[in-house]
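Understanding the architecture of this molecule
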Number of protein chains: 2
Amino acid sequence: MRSSLVLFKRFQTLFHTRLASSYVVQELQADQYGAPNEVLKLNQTTSIDASQLKPNDVLIKLLASPINPADINMIEGKYALLPSSLPATFGNEGVFQVVDHRASDEQVRPGDWVLPKILDWGKWRSYGIVSINDLIKIPSDIGVESAATLSVNPCTAYRLLRDFVTLEKGDTIIQNGGNSGVGQAVIQLGKLWNINVVSIVRNREQGMNELVDYLKSLGAEHVYVEEDLRKEALRKTLWSTIPRPKLGLNCVGGRATSDLLRVLDKSATLVTYGGMSKQPVTVPTAEFIFNDLNCRGFWMSRWKAENYKGSQFAQMLYELIDSIRRNELKAPHCEKFLLSDYKAAVEQAQKPLNTTKVLLTVA
Amino acid sequence: MRSSLVLFKRFQTLFHTRLASSYVVQELQADQYGAPNEVLKLNQTTSIDASQLKPNDVLIKLLASPINPADINMIEGKYALLPSSLPATFGNEGVFQVVDHRASDEQVRPGDWVLPKILDWGKWRSYGIVSINDLIKIPSDIGVESAATLSVNPCTAYRLLRDFVTLEKGDTIIQNGGNSGVGQAVIQLGKLWNINVVSIVRNREQGMNELVDYLKSLGAEHVYVEEDLRKEALRKTLWSTIPRPKLGLNCVGGRATSDLLRVLDKSATLVTYGGMSKQPVTVPTAEFIFNDLNCRGFWMSRWKAENYKGSQFAQMLYELIDSIRRNELKAPHCEKFLLSDYKAAVEQAQKPLNTTKVLLTVA
């Protein structure tokens, strides 16, 4: 048994050596901050010679990387976390496939799917070399869409529901931006964990019914438009059947947040994780004093910076992956673009009321 | 020894019986909510026959009771806690003296000072009967002004500094309304606990120097007007010598609160316990997400409702009383008015920029 394993390893090394060749690295970069369509350029930066990999180096190839709202903000230079210098490669998350490596055989194999867990390493690139210690291996049976969009939105939803209040079965939470990537994950995790999720979306002239139907297909039971929260009728219909929310999730700001506050339970927590309206969070003094409101913020990047080294990140991923396998957590609708077609991709990603996730990929 | 104690008790009972007589109860009441000067009336409600006291009953006489801003709000009907029915007697705190009682001799004696710890029992009354279980006995050597104003403002300051962040020696906190009753207590407790306290006050045309001098006489080291917080110079002068505040205390709202936010440390907590400007608390989304801001509220009445039964309230009072005795915690400037002179008292208490505490008392 032991000698056959050694033989297999020797064969593998031989096999790797044979495969070794040169890989052209294309990176979507900007050398100044500004409108993505103006500053982004696809640069052919280096070419990787796989035979030169050092110990623990893993050569990976892009499978798919989404364009998230935070990526746009970062390219515009309007984000709290910016590249240490320009030109820089952008892209905050994505799934890659192992091409070759010098790590010990048990850890990764060519073909494995991996998530690079380095915050300041842009994912919009065709190939890259990453240390085995900065990769999390994930199963390759969950679909590229799910894998590419796993580490930001579903993880944010997971932490929002777990880290701020203790939610028991039958408790209620309310969120605005219910159709956002995080919002869709909140709906599905809430259903999975037996929590009542009330989702608020912006009213729209076209596609409203389709949107509500889609959210209901994810398991949403309570979908309302912002205006509904200002109506007294909700007290009789909704709040007489489920408890008031212990937790409010805010990614909009401005009036949409005031609307959430109106219906929260006493001693509730409001967590702000986004500000789509570009309006601040305004809270009447009485809410803090007499209703014992607790207002917090959540930033997935800070959570990762604080938790990448421990086991919590991997544990969360594996729990989410299990849900994906059981079809309890679906990927958002995705539209794929080649890296080389980045102009069309960026344009599509910035369309208002867009609920489709744009994925960058390579041929 | 034992027989002499019995004899003493018998003598005491005899003595009490001799003292027993009728006490006229005057109560400052309103039978509708509105402007204090319009709705308050001094009613002669009952007369207490001390010989009719039941077991555990304690007959007490008002020494002094302040008019706090919350009292005004309550009379106006604009407070979260209102009397269960009208007409009601108002007044949220005050110190009384024991006149007579049917409690066991060891607990209270005539002449003892006591604080009634019943939230919905108005203190603006000449006499009253309270169960021994609803009284906290306090020493009578701390001055009527300190005793009358002990259970709201200094207790609020104590809880604000203790219950929200862990403050170490050398840490900084910042407060607006630095000249308020709570603000003055925060300055003194902060000094006592080796915390840097930055106090913000509203600019005023007259009396500014006197106000700053007064706050410095309490131990304030850093007093600024609101406008100073918007100036870049503060970064070089103040924030290069002491750390940024881990805790902000807000009793104003509106722009004054935005000014506080600007200078807080990352991951700071902002506690709102008042809203003098009647403006809401407005927080940019980025403060929550990227600076990890935590916004909370504090209401002394809720704390009391939750903690009256335990020993925490008495422990806090005794700690504060020790500070008063060592002259480390001074009473605010007080002005006394007879209950019968309530119209002048209420008018004085509502004057803008007033830093003198109005006390109601009886002849």
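Residues numbered from 1 in each chain as written. Chains lettered and ligands numbered in written order. Predicted model: local features only at pLDDT ≥ 70, side-chain atom pairs only at ≥ 80, totals over all residues. Heavy atoms only, no water.

The name given to chain A in an unreviewed UniProt entry is Enoyl-[acyl-carrier-protein] reductase, mitochondrial, with Rotaria magnacalcarata as the source organism.

1. Focus: the overall build of chain A
To keep things clear, this is the line we draw: Every helix listed is a DSSP run of H or I at least four residues long, and every strand listed is a run of E at least two residues long, numbered separately from the N terminus. Computation of the radius of gyration draws on C-alpha atoms, with the globule rule given as 2.2 Å multiplied by the number of residues to the power 0.38. We call a residue buried when its accessible area falls under 20% of the maximum for its residue type, exposed when it is over 50%, and partly exposed in between, using a 1.4 Å probe and counting protein chains only. Contacts are residue-level and defined by heavy atoms, with any inter-residue pair within 4.5 Å sufficient. Areas reported here follow the Shrake-Rupley algorithm with a probe of radius 1.4 Å; residue values treat only the protein chains shown as occluding. In this tally, Asp and Glu contribute negative charge and Lys and Arg positive charge; neither His nor the terminal groups of the chain are included. Each charge is placed at NZ for Lys, CZ for Arg, CG for Asp and CD for Glu.
Scanning chain A from N- to C-terminus turns up 13 helices and 17 strands. Against the compact-globule benchmark of 21 Å for 363 residues, chain A has a radius of gyration of 22 Å, which places it among compact chains. With the C-alpha coordinates aligned to their principal axes, the bounding extent of chain A is approximately 70 × 55 × 35 Å. When the 363 residues of chain A are sorted by exposure, 55% land in the buried category. Intrachain contacts of chain A at a sequence separation of at least 6 include 71% that bridge at least 24 residues. Working note: accessible area of chain A is about 16,500 Å², and carbon and sulfur atoms make up 49% of it. Side chains of chain A carry 42 positive and 38 negative charges; the gap between the two charge centres is 3 Å.

2. Quick look at the relation of the copies chain B and chain A
Put simply, the rule is: Superposition of the copies was done by least squares, using only C-alpha atoms of residues whose pLDDT is at least 70 in both.
Rotating chain B by 180 degrees about the axis while translating it 0.0 Å along that axis superimposes it on chain A, leaving an RMSD of 0.0 Å. Such a combination of turn and shift is consistent with a two-fold rotation axis.

3. Considerations on the domain arrangement of chain A
All names here are of chain A. The line we're drawing: Domain start and stop positions are those given by an automatic or database domain assignment. Defined here as a combined quantity, buried area equals the accessible surface (1.4 Å probe) lost by two parts on assembly, summed across both. Polar contacts, as counted here, are pairs of nitrogen or oxygen atoms within 3.5 Å of one another; within protein the pair requires one atom able to donate a hydrogen and one able to accept it, and residues that are adjacent in sequence qualify only if both atoms are side-chain atoms.
The domains assigned to chain A are domain 1 (2-149 + 333-361) and domain 2 (153-301). Computed over C-alpha atoms, the centres of domain 1 and domain 2 are 33 Å apart. Listed per partner, the contact involves 10 residues of domain 1 and 10 residues of domain 2. Together domain 1 and domain 2 conceal approximately 890 Å² of surface at their shared face, both sides included; 53% is due to carbon and sulfur atoms. Between the two partners, domain 1 and domain 2, sit one residue pair in polar contact (both at pLDDT 80 or more).

4. Thoughts on the interface of chain B and chain A
Under the convention used in this document: Salt bridges are defined by distance alone: a side-chain nitrogen of Lys or Arg within 4 Å of a carboxyl oxygen of Asp or Glu. Any residue that is not Ala, Val, Leu, Ile, Met, Phe, Trp, Tyr, Cys, Pro, Asp, Glu, Lys or Arg is counted as polar, Gly included; the first ten are nonpolar and the last four charged.
In this complex, chain B contributes 25 residues to the contact, which on the side of chain A involves 25 residues. Around 2,100 Å² of area is buried between chain B and chain A when both sides are counted, 61% of it from carbon and sulfur atoms. In this structure, the connection of chain B to chain A is made through two salt bridges. Note that Asp292(B) is salt-bridged to Arg302(A), the shortest N-O span being 3.2 Å. If you look at where chain B meets chain A, you find eight residue pairs in polar contact (both at pLDDT 80 or more). Only strand S14 (281-283), helix H10 (285-289) and strand S15 (294-297) of chain B provide two or more residues apiece to the side of chain B that touches chain A. In terms of residues, the side of chain B that touches chain A owes the most to one element, S15(B), which gives four residues. A breakdown of the residues in the side of chain B that touches chain A according to their chemical character gives 14 nonpolar, eight polar and three charged.

5. What about the packing of aromatic side chains?
Two aromatic rings are characterised by how far apart their centres lie and by the angle between their planes. Applied cut-off: For Phe, Tyr and Trp, rings pair up if their centres lie within 6.5 Å, where Trp contributes its six-membered ring, and each pair is then called stacked (planes under 30 degrees apart), edge-to-face (over 60) or tilted (otherwise).
Scanning all chains against the criterion turns up 18 aromatic pairs over all chains. A centroid spacing of 5.8 Å and a plane angle of 55 degrees characterise the contact between Phe96(A) and Trp121(A), whose relative ring orientation is tilted. In this pair, Phe96(A) is assigned in strand S5 (residues 95-101) and Trp121(A) in the loop between strand S6 (113-116) and strand S7 (127-131), connecting sequence segments 25 residues apart. Each member of the pair Phe96(A) and Trp121(A) is classed as buried. Ring centres of Tyr23(B) and Tyr127(B) lie 5.0 Å apart, and the angle between their planes is 50 degrees; on these two criteria the pair is classed as tilted. Pair noted here: Tyr23(B) is in strand S1 (residues 22-30) and Tyr127(B) is in strand S7 (residues 127-131), with a separation of 104 residues, a long-range link. Exposure class is identical for Tyr23(B) and Tyr127(B). Each is buried.

6. Focus: helix H7 (residues 208-217) of chain A
Residue and element names in this part refer to chain A. As a reminder of what qualifies: The arc in question is the one spanned by the directions pointing from the helix axis to the C-beta atoms.
Residues of H7 that are buried include every one of Met 208, Leu 211, Val 212, Tyr 214 and Leu 215, and no others. Considered in projection along H7, the buried side chains sweep an arc of 160 degrees and stay on one side of the axis. The exposed set on the far side of H7, more than 90 degrees from its buried face, consists of Asn 209, Glu 210 and Asp 213. If you follow the buried residues of H7, they end up packed against helix H6 (181-192), strand S10 (196-201) and strand S11 (222-225). Trailing H7 by a residue or two, Gly 219 shows a phi angle of about 115 degrees, which is positive.

7. Digging into the packing of helix H5 (residues 153-162) of chain A against H6(A)
Residues and elements named next belong to chain A. This is how the line gets drawn: To obtain an axis, a line is fitted to C-alpha atoms, over the contacting stretch when the element is a helix, and the angle between two such axes runs from 0 to 180 degrees between their N-to-C directions. Any angle that falls under 35 degrees is termed roughly parallel, while one over 145 is termed roughly antiparallel, one within 65 to 115 roughly perpendicular, and all others oblique. Handedness of each helix crossing follows the sense of rotation of the near helix against the far helix: counterclockwise by less than a right angle gives left-handed, clockwise gives right-handed.
Axis separation between H5 and H6 bottoms out at 8 Å; the angle between their running directions is 55 degrees. Classified by the interaxial angle, the pair formed by H5 and H6 is oblique. Both H5 and H6 take part in a crossing whose hand is right-handed. For the pair H5 and H6, the contacting residues are Asn 153, Pro 154, Thr 156, Ala 157, Tyr 158, Leu 160 and Leu 161 in the first and Gly 181, Val 182, Ala 185, Val 186, Leu 189 and Gly 190 in the second. Here the residues of the contact of H5 with H6 sort into nine nonpolar, four polar and no charged.

8. Side note on H6(A)
Residues and elements named next belong to chain A. Quick note on the threshold: In a helix, the anticipated span is given by 1.5 Å times the number of residues less one.
Between its first and last C-alpha atoms H6 spans 17 Å; for 12 residues at 1.5 Å apiece the expected length is 16 Å, and the two agree. Burial analysis of H6 places nine of its 12 residues in the buried class, the great majority of the element. Buried positions along H6 lie against H5, strand S9 (172-175), S10, H7, strand S12 (247-250) and helix H12 (312-325). Just beyond H6, the residue with positive phi is Asn 194, at close to 60 degrees.

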